[in-house]
Amino acid sequence: MTVAVIGAGWAGLACAIDLAAAGERPLVLESARQPGGRARGVELNGQTLDNGQHLLIGAYTDTLDLMRRIGVDPKTVLRRHRLFVASPELRLALPALPPPLDVAAGLLLARGAGWGEKFRAVRAMKTLEAAGWSAPPQQTVAGWLAATGLAGSVLARRLYAPLCLAALNTPLEAASMAVFARVLGDSLGAGANAPGATDYLVAATDLSTLFPAPAATWVATHGGEVRTSARVRAIARQGQGWQIRLDDAAITADQVVLAVAPQHAAALLPDLPAAQEIRQQLATYRYEPIATVYLGLPADTGLSRPIVQIDGPSADDAPVWVFDRAPLGNPGVLACVISASGPWQTLSEAELAQRLLEKARPFLISKGVPSNSAPILAWQRRIVETRATFAATAGLPRPERITLAPGLHLAGDWTWAPWPATLEGAVRSGRRAARAVLANH
Ligand SMILES: Cc1cc2nc3c(=O)[nH]c(=O)nc-3n(C[C@H](O)[C@H](O)[C@H](O)COP(=O)(O)OP(=O)(O)OC[C@H]3O[C@@H](n4cnc5c(N)ncnc54)[C@H](O)[C@@H]3O)c2cc1C
(Lines give C-alpha, C1' and ligand atoms only; values in the text may rest on other atoms or scores of the structure.)
Protein backbone atom coordinates (compact mmCIF):
# COMPACT_ATOMS: atom_id res chain seq x y z
CA MET A 1 0.00 0.00 0.00
CA THR A 2 1.30 3.49 -0.81
CA VAL A 3 0.39 6.27 1.63
CA ALA A 4 1.11 9.95 1.10
CA VAL A 5 1.04 12.34 4.04
CA ILE A 6 0.77 15.98 3.02
CA GLY A 7 2.47 18.30 5.51
CA ALA A 8 5.43 17.59 7.81
CA GLY A 9 4.16 19.53 10.81
CA TRP A 10 3.85 17.68 14.11
CA ALA A 11 0.57 16.08 12.91
CA GLY A 12 1.97 14.73 9.63
CA LEU A 13 5.15 13.50 11.29
CA ALA A 14 3.23 11.75 14.08
CA CYS A 15 1.10 10.05 11.44
CA ALA A 16 4.16 8.97 9.45
CA ILE A 17 5.88 7.54 12.56
CA ASP A 18 2.89 5.35 13.41
CA LEU A 19 2.54 4.24 9.79
CA ALA A 20 6.23 3.36 9.51
CA ALA A 21 6.07 1.58 12.87
CA ALA A 22 3.22 -0.53 11.46
CA GLY A 23 5.39 -1.56 8.49
CA GLU A 24 4.09 0.94 5.92
CA ARG A 25 6.39 3.17 3.85
CA PRO A 26 4.78 6.62 4.10
CA LEU A 27 5.86 9.40 1.77
CA VAL A 28 5.59 12.77 3.53
CA LEU A 29 5.37 15.77 1.20
CA GLU A 30 6.31 19.11 2.76
CA SER A 31 6.29 22.44 0.94
CA ALA A 32 8.82 24.13 3.25
CA ARG A 33 12.56 23.47 3.25
CA GLN A 34 12.43 21.91 6.70
CA PRO A 35 9.91 19.85 8.65
CA GLY A 36 8.17 21.21 11.76
CA GLY A 37 5.51 23.53 10.36
CA ARG A 38 4.41 26.04 12.97
CA ALA A 39 6.78 24.62 15.62
CA ARG A 40 10.35 24.59 14.34
CA GLY A 41 13.81 25.98 15.05
CA VAL A 42 15.14 29.04 13.22
CA GLU A 43 18.63 30.54 12.93
CA LEU A 44 18.75 34.13 14.20
CA ASN A 45 21.65 36.30 15.31
CA GLY A 46 24.00 33.34 15.11
CA GLN A 47 21.84 31.32 17.51
CA THR A 48 19.28 28.58 17.11
CA LEU A 49 15.94 29.92 18.34
CA ASP A 50 12.33 29.02 17.49
CA ASN A 51 9.78 30.44 15.08
CA GLY A 52 7.71 30.89 18.25
CA GLN A 53 8.42 30.05 21.87
CA HIS A 54 6.29 27.02 22.84
CA LEU A 55 5.28 25.51 26.17
CA LEU A 56 4.30 21.87 26.55
CA ILE A 57 2.49 20.45 29.58
CA GLY A 58 2.42 17.08 31.29
CA ALA A 59 -0.94 16.27 29.68
CA TYR A 60 0.83 15.97 26.30
CA THR A 61 1.01 12.20 26.71
CA ASP A 62 0.98 11.22 23.03
CA THR A 63 3.77 13.66 22.20
CA LEU A 64 5.89 12.27 25.04
CA ASP A 65 5.09 8.73 23.95
CA LEU A 66 6.17 9.37 20.35
CA MET A 67 9.35 11.10 21.48
CA ARG A 68 10.32 7.98 23.41
CA ARG A 69 9.49 5.80 20.43
CA ILE A 70 11.88 7.70 18.16
CA GLY A 71 14.66 7.70 20.75
CA VAL A 72 14.22 11.21 22.16
CA ASP A 73 14.25 11.06 25.96
CA PRO A 74 11.71 13.59 27.30
CA LYS A 75 13.65 13.75 30.57
CA THR A 76 16.69 15.06 28.67
CA VAL A 77 15.03 17.48 26.25
CA LEU A 78 12.29 18.85 28.51
CA ARG A 79 12.52 20.48 31.93
CA ARG A 80 9.56 19.67 34.14
CA HIS A 81 8.27 22.28 36.62
CA ARG A 82 5.18 22.08 38.78
CA LEU A 83 2.66 24.72 37.68
CA PHE A 84 3.46 28.14 39.09
CA VAL A 85 2.56 31.73 38.32
CA ALA A 86 5.12 34.46 38.98
CA SER A 87 3.51 37.76 38.03
CA PRO A 88 3.44 41.34 39.33
CA GLU A 89 0.17 40.73 41.23
CA LEU A 90 -0.08 37.00 41.84
CA ARG A 91 2.25 34.28 43.12
CA LEU A 92 0.80 30.81 42.88
CA ALA A 93 2.40 27.38 43.05
CA LEU A 94 0.82 23.95 43.12
CA PRO A 95 2.03 22.20 46.28
CA ALA A 96 3.20 18.58 46.12
CA LEU A 97 -0.15 17.11 47.18
CA PRO A 98 -2.16 14.44 45.38
CA PRO A 99 -4.62 15.87 42.83
CA PRO A 100 -7.18 17.41 43.11
CA LEU A 101 -5.98 18.68 46.52
CA ASP A 102 -2.98 20.34 44.88
CA VAL A 103 -5.22 22.59 42.77
CA ALA A 104 -7.48 23.59 45.65
CA ALA A 105 -4.50 24.20 47.95
CA GLY A 106 -2.63 26.09 45.22
CA LEU A 107 -5.58 28.41 44.71
CA LEU A 108 -6.20 28.94 48.42
CA LEU A 109 -2.52 29.56 49.23
CA ALA A 110 -1.97 31.94 46.29
CA ARG A 111 -0.46 35.27 47.30
CA GLY A 112 -2.02 38.44 45.88
CA ALA A 113 -5.62 37.24 45.51
CA GLY A 114 -8.36 37.91 48.09
CA TRP A 115 -10.15 35.15 50.01
CA GLY A 116 -13.49 35.86 48.32
CA GLU A 117 -12.14 35.27 44.84
CA LYS A 118 -10.14 32.23 45.97
CA PHE A 119 -13.29 30.54 47.26
CA ARG A 120 -15.19 31.56 44.13
CA ALA A 121 -12.41 30.03 42.00
CA VAL A 122 -12.45 26.74 43.94
CA ARG A 123 -16.25 26.64 43.62
CA ALA A 124 -16.07 27.42 39.90
CA MET A 125 -13.61 24.56 39.36
CA LYS A 126 -15.83 22.17 41.34
CA THR A 127 -18.85 23.20 39.26
CA LEU A 128 -16.93 22.62 36.03
CA GLU A 129 -15.78 19.23 37.26
CA ALA A 130 -19.36 18.26 38.16
CA ALA A 131 -20.37 19.22 34.60
CA GLY A 132 -17.72 16.86 33.19
CA TRP A 133 -15.52 19.82 32.22
CA SER A 134 -18.05 20.99 29.68
CA ALA A 135 -19.81 24.30 29.03
CA PRO A 136 -22.63 25.53 26.77
CA PRO A 137 -21.33 25.80 23.17
CA GLN A 138 -22.05 29.52 22.87
CA GLN A 139 -20.57 30.54 26.24
CA THR A 140 -17.38 32.62 26.10
CA VAL A 141 -14.60 32.57 28.68
CA ALA A 142 -15.43 36.20 29.55
CA GLY A 143 -19.06 35.14 30.05
CA TRP A 144 -17.99 32.30 32.35
CA LEU A 145 -15.78 34.61 34.43
CA ALA A 146 -18.73 37.00 34.81
CA ALA A 147 -21.12 34.17 35.73
CA THR A 148 -18.74 32.83 38.39
CA GLY A 149 -18.20 36.28 39.92
CA LEU A 150 -14.51 36.19 38.98
CA ALA A 151 -14.55 38.92 36.31
CA GLY A 152 -12.14 41.72 37.20
CA SER A 153 -10.43 39.66 39.93
CA VAL A 154 -6.68 39.09 40.28
CA LEU A 155 -7.19 35.39 39.51
CA ALA A 156 -9.08 36.29 36.32
CA ARG A 157 -6.31 38.67 35.20
CA ARG A 158 -3.32 36.62 36.26
CA LEU A 159 -4.42 33.01 36.08
CA TYR A 160 -7.45 32.38 33.89
CA ALA A 161 -6.78 35.05 31.23
CA PRO A 162 -3.12 34.07 30.67
CA LEU A 163 -4.00 30.36 30.68
CA CYS A 164 -6.82 30.95 28.20
CA LEU A 165 -4.61 33.04 25.92
CA ALA A 166 -1.74 30.56 26.10
CA ALA A 167 -4.01 27.63 25.29
CA LEU A 168 -6.68 29.12 22.99
CA ASN A 169 -4.83 32.17 21.59
CA THR A 170 -8.19 33.90 21.44
CA PRO A 171 -9.39 37.04 23.28
CA LEU A 172 -11.54 36.09 26.28
CA GLU A 173 -14.58 37.93 24.90
CA ALA A 174 -14.69 35.51 21.94
CA ALA A 175 -12.93 32.41 23.35
CA SER A 176 -15.02 29.24 23.68
CA MET A 177 -15.64 28.24 27.30
CA ALA A 178 -16.38 24.68 26.16
CA VAL A 179 -12.85 24.44 24.72
CA PHE A 180 -11.28 26.13 27.76
CA ALA A 181 -13.24 23.87 30.13
CA ARG A 182 -11.83 20.82 28.36
CA VAL A 183 -8.30 22.22 28.58
CA LEU A 184 -8.78 22.82 32.32
CA GLY A 185 -10.25 19.35 32.74
CA ASP A 186 -7.40 17.61 30.92
CA SER A 187 -4.78 19.51 32.94
CA LEU A 188 -5.90 20.89 36.31
CA GLY A 189 -8.75 18.40 36.55
CA ALA A 190 -6.92 15.32 35.29
CA GLY A 191 -6.70 13.97 38.83
CA ALA A 192 -4.86 11.01 40.26
CA ASN A 193 -4.99 9.05 36.98
CA ALA A 194 -2.70 11.55 35.30
CA PRO A 195 -0.22 12.88 37.85
CA GLY A 196 1.82 15.79 36.56
CA ALA A 197 -0.70 16.68 33.83
CA THR A 198 -0.47 20.36 34.79
CA ASP A 199 3.33 20.44 34.93
CA TYR A 200 5.07 22.84 32.59
CA LEU A 201 7.44 21.07 30.21
CA VAL A 202 9.93 23.64 28.98
CA ALA A 203 12.08 22.57 26.04
CA ALA A 204 15.81 22.37 26.66
CA THR A 205 16.48 22.40 22.90
CA ASP A 206 15.10 24.28 19.94
CA LEU A 207 11.80 22.93 18.59
CA SER A 208 13.29 21.20 15.54
CA THR A 209 15.66 19.17 17.70
CA LEU A 210 12.83 18.35 20.09
CA PHE A 211 10.73 16.42 17.60
CA PRO A 212 10.55 17.28 13.85
CA ALA A 213 14.19 16.58 12.96
CA PRO A 214 14.50 13.25 14.83
CA ALA A 215 11.01 12.29 13.65
CA ALA A 216 11.95 12.83 9.99
CA THR A 217 15.16 10.83 10.47
CA TRP A 218 13.28 8.02 12.19
CA VAL A 219 10.69 7.82 9.40
CA ALA A 220 13.48 7.74 6.78
CA THR A 221 15.35 4.96 8.58
CA HIS A 222 12.15 2.91 8.95
CA GLY A 223 11.22 2.69 5.29
CA GLY A 224 9.46 6.03 4.76
CA GLU A 225 10.54 9.34 3.25
CA VAL A 226 10.11 12.98 4.24
CA ARG A 227 10.46 15.05 1.07
CA THR A 228 10.91 18.77 1.69
CA SER A 229 10.43 21.61 -0.85
CA ALA A 230 7.58 19.51 -2.27
CA ARG A 231 4.45 21.64 -2.52
CA VAL A 232 1.23 19.78 -3.27
CA ARG A 233 -1.01 21.65 -5.69
CA ALA A 234 -4.02 19.35 -5.95
CA ILE A 235 -5.47 16.00 -4.89
CA ALA A 236 -7.87 14.14 -7.20
CA ARG A 237 -9.53 10.74 -7.33
CA GLN A 238 -7.77 8.32 -9.67
CA GLY A 239 -9.36 4.90 -9.97
CA GLN A 240 -9.45 3.35 -6.49
CA GLY A 241 -6.67 5.66 -5.29
CA TRP A 242 -5.55 9.27 -5.45
CA GLN A 243 -3.42 11.44 -7.67
CA ILE A 244 -1.31 14.10 -5.96
CA ARG A 245 -0.09 16.87 -8.20
CA LEU A 246 3.15 18.65 -7.29
CA ASP A 247 4.75 21.55 -9.21
CA ASP A 248 6.84 19.27 -11.39
CA ALA A 249 5.39 15.79 -10.96
CA ALA A 250 2.33 13.73 -10.13
CA ILE A 251 2.31 10.92 -7.59
CA THR A 252 -0.29 8.23 -7.08
CA ALA A 253 -1.15 6.83 -3.68
CA ASP A 254 -3.66 4.32 -2.33
CA GLN A 255 -4.36 6.54 0.66
CA VAL A 256 -3.74 10.20 1.49
CA VAL A 257 -3.57 12.02 4.81
CA LEU A 258 -4.01 15.77 4.46
CA ALA A 259 -2.15 17.22 7.46
CA VAL A 260 -1.93 20.93 6.68
CA ALA A 261 -3.08 23.99 8.65
CA PRO A 262 -6.79 24.88 8.29
CA GLN A 263 -5.97 27.95 6.18
CA HIS A 264 -4.29 25.67 3.62
CA ALA A 265 -6.66 22.71 3.73
CA ALA A 266 -9.65 24.07 1.80
CA ALA A 267 -7.68 24.68 -1.42
CA LEU A 268 -6.35 21.11 -1.42
CA LEU A 269 -9.58 19.27 -0.71
CA PRO A 270 -10.81 17.40 -3.79
CA ASP A 271 -14.26 17.86 -5.25
CA LEU A 272 -16.36 15.58 -3.02
CA PRO A 273 -19.61 16.18 -1.09
CA ALA A 274 -17.93 15.44 2.27
CA ALA A 275 -15.12 17.84 1.40
CA GLN A 276 -17.63 20.54 0.53
CA GLU A 277 -18.99 20.39 4.09
CA ILE A 278 -15.47 20.85 5.52
CA ARG A 279 -14.81 23.71 3.10
CA GLN A 280 -17.93 25.48 4.37
CA GLN A 281 -16.77 25.03 7.96
CA LEU A 282 -13.30 26.32 7.15
CA ALA A 283 -14.77 29.43 5.53
CA THR A 284 -15.99 30.47 9.02
CA TYR A 285 -12.53 30.12 10.62
CA ARG A 286 -10.68 33.22 11.80
CA TYR A 287 -7.03 33.30 12.77
CA GLU A 288 -5.03 34.95 15.54
CA PRO A 289 -1.36 35.98 15.59
CA ILE A 290 1.35 35.14 18.12
CA ALA A 291 4.49 37.24 18.41
CA THR A 292 7.70 36.06 20.01
CA VAL A 293 9.97 38.98 20.88
CA TYR A 294 13.54 37.91 21.59
CA LEU A 295 15.57 40.20 23.85
CA GLY A 296 19.35 39.78 23.72
CA LEU A 297 20.88 40.70 27.11
CA PRO A 298 24.35 40.06 28.58
CA ALA A 299 24.96 36.31 28.88
CA ASP A 300 24.98 36.42 32.71
CA THR A 301 21.50 38.01 32.83
CA GLY A 302 18.36 35.93 33.14
CA LEU A 303 15.05 35.55 34.97
CA SER A 304 14.51 34.72 38.64
CA ARG A 305 12.11 31.92 37.52
CA PRO A 306 12.19 29.88 34.28
CA ILE A 307 8.95 31.55 33.15
CA VAL A 308 7.39 34.77 34.41
CA GLN A 309 4.34 36.75 33.48
CA ILE A 310 4.56 40.48 32.86
CA ASP A 311 2.04 43.14 31.88
CA GLY A 312 1.41 43.56 28.17
CA PRO A 313 3.30 46.27 26.27
CA SER A 314 0.20 48.55 26.24
CA ALA A 315 -2.50 48.92 28.88
CA ASP A 316 -5.03 47.06 26.73
CA ASP A 317 -2.69 44.19 25.86
CA ALA A 318 -3.01 40.86 27.64
CA PRO A 319 -0.25 39.63 30.00
CA VAL A 320 2.89 38.34 28.31
CA TRP A 321 4.73 35.11 29.18
CA VAL A 322 8.51 35.50 29.30
CA PHE A 323 10.88 32.52 29.04
CA ASP A 324 14.54 32.44 30.01
CA ARG A 325 16.30 30.70 27.08
CA ALA A 326 19.52 29.95 29.01
CA PRO A 327 18.56 26.25 29.51
CA LEU A 328 18.13 26.00 25.73
CA GLY A 329 21.71 27.10 25.14
CA ASN A 330 20.82 30.78 24.58
CA PRO A 331 22.21 32.49 27.71
CA GLY A 332 21.01 36.08 28.09
CA VAL A 333 18.13 35.57 25.67
CA LEU A 334 14.56 36.15 26.84
CA ALA A 335 11.60 35.08 24.71
CA CYS A 336 8.46 37.17 25.29
CA VAL A 337 5.27 35.62 23.94
CA ILE A 338 2.36 37.90 23.02
CA SER A 339 -0.81 35.98 22.22
CA ALA A 340 -3.72 37.11 20.06
CA SER A 341 -4.29 40.45 18.36
CA GLY A 342 -4.01 43.68 20.34
CA PRO A 343 -2.53 47.18 20.42
CA TRP A 344 1.00 45.63 20.43
CA GLN A 345 0.61 45.14 16.69
CA THR A 346 0.96 48.90 16.10
CA LEU A 347 4.33 49.17 17.90
CA SER A 348 7.71 49.04 16.16
CA GLU A 349 10.02 46.16 17.00
CA ALA A 350 12.37 48.45 18.98
CA GLU A 351 9.53 50.08 20.95
CA LEU A 352 7.99 46.71 21.73
CA ALA A 353 11.34 45.34 22.94
CA GLN A 354 12.03 48.35 25.17
CA ARG A 355 8.59 48.20 26.77
CA LEU A 356 8.84 44.45 27.40
CA LEU A 357 12.32 44.80 28.88
CA GLU A 358 11.09 47.51 31.24
CA LYS A 359 8.19 45.31 32.42
CA ALA A 360 10.50 42.32 32.86
CA ARG A 361 13.02 44.26 34.97
CA PRO A 362 11.63 43.24 38.40
CA PHE A 363 12.29 39.61 37.45
CA LEU A 364 15.82 40.04 36.08
CA ILE A 365 18.83 38.56 37.81
CA SER A 366 22.47 38.99 36.96
CA LYS A 367 25.05 36.43 38.10
CA GLY A 368 22.32 34.88 40.24
CA VAL A 369 21.31 38.03 42.19
CA PRO A 370 18.61 40.64 41.45
CA SER A 371 19.84 43.03 38.81
CA ASN A 372 19.91 46.67 40.00
CA SER A 373 21.21 48.47 36.95
CA ALA A 374 19.27 48.81 33.70
CA PRO A 375 20.29 45.89 31.49
CA ILE A 376 21.80 46.62 28.10
CA LEU A 377 19.74 45.34 25.22
CA ALA A 378 22.31 44.16 22.67
CA TRP A 379 19.74 43.09 20.10
CA GLN A 380 16.07 42.35 19.69
CA ARG A 381 14.05 40.44 17.15
CA ARG A 382 10.31 40.05 16.75
CA ILE A 383 8.87 37.06 14.90
CA VAL A 384 5.16 37.39 14.21
CA GLU A 385 3.25 34.35 13.03
CA THR A 386 0.25 36.22 11.65
CA ARG A 387 -1.96 33.15 11.39
CA ALA A 388 -0.44 31.22 14.27
CA THR A 389 -3.64 29.40 15.22
CA PHE A 390 -7.31 29.30 14.40
CA ALA A 391 -9.36 31.39 16.82
CA ALA A 392 -11.05 28.96 19.22
CA THR A 393 -14.27 30.96 19.32
CA ALA A 394 -17.53 29.90 20.95
CA GLY A 395 -19.58 27.74 18.60
CA LEU A 396 -16.78 27.14 16.07
CA PRO A 397 -17.64 24.10 13.92
CA ARG A 398 -15.04 21.30 13.91
CA PRO A 399 -14.87 18.27 11.59
CA GLU A 400 -17.09 15.46 12.83
CA ARG A 401 -15.33 12.84 10.75
CA ILE A 402 -11.82 12.73 9.40
CA THR A 403 -12.26 10.17 6.63
CA LEU A 404 -13.89 12.07 3.78
CA ALA A 405 -13.80 9.25 1.24
CA PRO A 406 -12.23 5.78 1.22
CA GLY A 407 -8.51 6.46 1.61
CA LEU A 408 -8.71 10.22 2.18
CA HIS A 409 -8.17 11.34 5.77
CA LEU A 410 -7.67 14.62 7.62
CA ALA A 411 -5.16 15.44 10.35
CA GLY A 412 -3.87 18.63 11.93
CA ASP A 413 -4.47 20.54 15.17
CA TRP A 414 -7.83 21.90 13.95
CA THR A 415 -9.27 18.41 13.49
CA TRP A 416 -8.64 17.37 17.12
CA ALA A 417 -11.86 18.67 18.68
CA PRO A 418 -12.57 20.10 21.10
CA TRP A 419 -8.95 21.00 21.85
CA PRO A 420 -7.58 24.33 20.66
CA ALA A 421 -4.51 24.47 18.39
CA THR A 422 -1.78 22.65 20.30
CA LEU A 423 1.16 20.39 19.61
CA GLU A 424 -0.58 17.56 21.43
CA GLY A 425 -3.78 18.01 19.43
CA ALA A 426 -1.70 17.91 16.24
CA VAL A 427 0.12 14.74 17.34
CA ARG A 428 -3.06 12.97 18.46
CA SER A 429 -4.80 13.89 15.20
CA GLY A 430 -1.87 12.47 13.22
CA ARG A 431 -1.95 9.22 15.16
CA ARG A 432 -5.72 8.94 14.68
CA ALA A 433 -5.27 9.42 10.92
CA ALA A 434 -2.64 6.65 10.91
CA ARG A 435 -5.15 4.34 12.60
CA ALA A 436 -7.75 5.24 9.95
CA VAL A 437 -5.25 4.43 7.17
CA LEU A 438 -4.36 1.08 8.72
CA ALA A 439 -8.03 0.21 9.29
CA ASN A 440 -8.68 0.85 5.59
CA HIS A 441 -5.84 -1.43 4.47
C1 LIG B 1 4.10 31.19 17.55
C2 LIG B 1 3.33 29.97 17.98
C3 LIG B 1 3.32 29.60 19.32
C4 LIG B 1 2.63 28.46 19.72
N5 LIG B 1 2.69 28.06 21.03
C6 LIG B 1 2.21 26.86 21.37
C7 LIG B 1 2.45 26.33 22.67
O8 LIG B 1 3.08 26.97 23.51
N9 LIG B 1 1.97 25.08 22.96
C10 LIG B 1 1.29 24.34 22.04
O11 LIG B 1 0.91 23.20 22.35
N12 LIG B 1 1.03 24.82 20.80
C13 LIG B 1 1.47 26.05 20.44
N14 LIG B 1 1.27 26.53 19.18
C15 LIG B 1 0.42 25.75 18.25
C16 LIG B 1 1.19 24.60 17.59
O17 LIG B 1 2.42 25.05 17.08
C18 LIG B 1 0.35 24.06 16.44
O19 LIG B 1 -0.90 23.68 16.95
C20 LIG B 1 0.98 22.84 15.77
O21 LIG B 1 2.33 23.07 15.45
C22 LIG B 1 0.19 22.51 14.50
O23 LIG B 1 0.77 21.40 13.86
P24 LIG B 1 0.10 20.82 12.54
O25 LIG B 1 0.97 19.71 12.11
O26 LIG B 1 -1.33 20.55 12.79
O27 LIG B 1 0.13 22.02 11.48
P28 LIG B 1 1.37 22.78 10.82
O29 LIG B 1 2.45 22.96 11.80
O30 LIG B 1 0.81 24.00 10.18
O31 LIG B 1 1.90 21.79 9.71
C32 LIG B 1 1.39 21.74 8.41
C33 LIG B 1 2.53 21.56 7.43
O34 LIG B 1 1.98 21.46 6.12
C35 LIG B 1 2.83 22.14 5.23
N36 LIG B 1 2.03 22.47 4.04
C37 LIG B 1 1.06 23.40 3.91
N38 LIG B 1 0.58 23.41 2.66
C39 LIG B 1 1.25 22.44 1.98
C40 LIG B 1 1.19 21.96 0.64
N41 LIG B 1 0.35 22.49 -0.26
N42 LIG B 1 2.03 20.95 0.28
C43 LIG B 1 2.89 20.40 1.17
N44 LIG B 1 2.99 20.83 2.45
C45 LIG B 1 2.17 21.83 2.86
C46 LIG B 1 3.29 23.34 6.02
O47 LIG B 1 4.48 23.90 5.49
C48 LIG B 1 3.50 22.73 7.40
O49 LIG B 1 4.81 22.28 7.59
C50 LIG B 1 1.91 27.69 18.76
C51 LIG B 1 1.91 28.08 17.42
C52 LIG B 1 2.62 29.19 17.03
C53 LIG B 1 2.64 29.56 15.57
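Along each chain, residues carry numbers from 1 onward, in the same order as the chain's sequence is written. Selection of residues for local features in this predicted model requires a pLDDT of at least 70, selection of side-chain atom pairs for listing and counting requires 80 or more, and totals for whole chains, interfaces and linings are taken over all residues. Side-chain calculation: all heavy atoms of the structure are included, whereas hydrogens and water are not.

As annotated in an unreviewed UniProt entry, the protein carries the name Squalene/phytoene dehydrogenase and comes from Oryzomicrobium terrae.

Q: Describe the packing of aromatic side chains, listing the residues and the values that go with them.
A: Within 6.5 Å between ring centres, the rings of Phe, Tyr and Trp (the latter by its six-membered ring) count as paired, and their orientation is classed by plane angle as stacked under 30 degrees, edge-to-face over 60, tilted in between. With the rule as written, the count across this model stands at eight aromatic pairs. On the numbers, 5.4 Å between centres and 80° between planes, the contact of Trp144 with Tyr160 is edge-to-face. Placement of the pair is Trp144 in helix 6 (residues 141-147) and Tyr160 in helix 7 (residues 154-168), with a sequence separation of 16 residues. Across this residue pair, the class does not change: Trp144 and Tyr160 are buried. Taken together, the ring pairs in this structure connect Phe84, Tyr200 and Trp321 into an aromatic cluster. Stacked on the ring of Trp115, the Lys or Arg Lys118 has its end atom at 4.2 Å from the ring centre. Comment: the charge-over-ring label is applied if NZ (Lys) or CZ (Arg) is within 6 Å of the ring centre and within 35 degrees of the ring normal. Directly above the ring of Phe84 sits Arg305, whose terminal nitrogen or CZ lies 4.1 Å from the centroid. Helix and strand assignments follow DSSP, with helices taken as H or I runs no shorter than four residues and strands as E runs no shorter than two, numbered in order from the N terminus. Three labels apply to residues, based on accessible area from a 1.4 Å probe with only protein chains included: buried if under 20% of the type maximum, exposed if over 50%, partly exposed otherwise in between.

Q: Let's hear about the UniProt feature "domain: Amine oxidase" (unreviewed entry) in the protein: which residues, and what values?
A: UniProt records the feature "domain: Amine oxidase" (unreviewed entry) at residues 11-438, using the numbering of this structure. With 33% helix and 24% strand, residues 11-438 has end C-alpha atoms that lie 16 Å from one another. UniProt positions are given in the numbering used here, feature names are shortened, and annotations may be inferred rather than shown by experiment.

Q: Which residues make up the site of the ligand, and what values go with them?
A: Near the ligand, the surroundings consist of 34 residues, among which Glu30, Arg38, Leu55, Tyr60 and Asp413 are the closest. Within 3.5 Å is the distance limit for a polar contact, defined as a pair of N or O atoms, with the added protein rule that one can donate a hydrogen and the other accept it, and that residues adjacent in sequence qualify only through two side-chain atoms. Leu55 is positioned with one of its backbone polar atoms (N or O) 2.7 Å from an oxygen atom of the ligand. One nitrogen or oxygen atom from the main chain of Leu423 is found 2.9 Å from an oxygen atom belonging to the ligand. Computed by Shrake-Rupley with a 1.4 Å probe, the accessible areas treat only the displayed protein chains as cover when residues are assessed. Against a free-state accessible area of 1,000 Å², the protein chains account for coverage of 93% of the ligand. Class assignment for the residues of the shell around the ligand results in 19 nonpolar, ten polar and five charged. For the shell around the ligand, the domains that each give at least three residues are domain 1 (3-44 + 209-285 + 401-439) and domain 3 (287-390). A cutoff of 4 Å decides nearness: a residue is near a molecule or strand if any of its heavy atoms lies inside that distance of it. When residues are grouped by polarity, Ala, Val, Leu, Ile, Met, Phe, Trp, Tyr, Cys and Pro land in nonpolar, Asp, Glu, Lys and Arg in charged, and all others, Gly among them, in polar. Each domain's limits were defined by an automated method or a database of domain assignments.

Q: Quick one: what's the story with the nonpolar core, residue by residue and with numbers?
A: Definition used in this section: a nonpolar core is a set of buried Ala, Val, Leu, Ile, Met, Phe, Trp, Tyr and Cys residues joined via side-chain atoms within 4.5 Å. Among the nonpolar cores identified, the biggest contains 115 residues, and Tyr160 and Ile244 are the most heavily contacted of them. In this analysis, two residues are considered to be in contact whenever any of their non-hydrogen atoms come within 4.5 Å of each other. Setting aside chain neighbours within four positions, we find Ile244 in contact with Ala4, Ile6, Leu29, Val232, Ala234, Ala249, Ala250, Ile251, Ala253 and Val256. Formed by 47 residues, the second largest nonpolar core is a distinct cluster that contains Val3, Cys15, Ile57 and Ala434.

Q: Account for the sheet that holds strand 10 (residues 225-227), with residues named and values stated.
A: By the convention used here, strands pair only if DSSP detects at least 2 bridges between them. Pairing is mixed in the open sheet, where six strands are placed in the order 10-2-1-14-24-23. Where the open sheet ends on each side, the last strands, each with one partner, are strand 10 and strand 23 (403-405). Going from strand to strand, the sheet's axes swing by 20° on average, the running direction of each strand aside. With four bridges connecting them, strand 1 (residues 3-6) and strand 14 (residues 255-258) associate as parallel partners. Bridging from a neighbouring strand, Val3 pairs with Gln255 of strand 14. To get an axis, fit a line to the C-alpha atoms, keeping to the stretch in contact for a helix; angles then go from 0 to 180 degrees between the N-to-C directions.

Q: Let's hear about the pairing of strand 3 (residues 41-44): which residues, and what values?
A: In summary, the side chains of a regular strand alternate between the two faces of the sheet. Note that strand 3 and strand 4 (residues 47-50) share four bridges and pair antiparallel. Residue pairing across strands places Gly41 opposite Asp50, the latter belonging to strand 4. Hairpin connection from strand 3 to strand 4: two residues lie between these consecutive antiparallel strands, with Asn45 at a positive phi of about 55°.

Q: Would you mind going over the domain arrangement of the protein in detail, with residue names and values included?
A: Here the protein is partitioned into domain 1 (3-44 + 209-285 + 401-439), domain 2 (83-198) and domain 3 (287-390). Summarising the inter-unit geometry, the C-alpha centres of domain 2 and domain 3 are found 24 Å apart. Counting from both sides, the interface comprises 16 residues of domain 2 and, opposite them, 19 residues of domain 3. Buried area: the accessible area, evaluated with a 1.4 Å probe, that two parts lose upon being put together, summed over both parts. A buried area of about 1,400 Å², summed over both sides, lies between domain 2 and domain 3, and 57% of it is on carbon and sulfur atoms. Salt bridges are counted wherever a side-chain nitrogen of Lys or Arg sits within 4 Å of a carboxyl oxygen of Asp or Glu. Applying the counting rule to domain 2 against domain 3 returns one salt bridge. Of the charged contacts, one joins Asp311 and Arg158 as a salt bridge, the two residues approaching to 2.5 Å between their closest N and O atoms. For the interface between domain 2 and domain 3, the tally reads eight residue pairs in polar contact (both at pLDDT 80 or more). Secondary structure elements with two or more residues in the side of domain 2 that touches domain 3: strand 7 (84-86) and helix 7.

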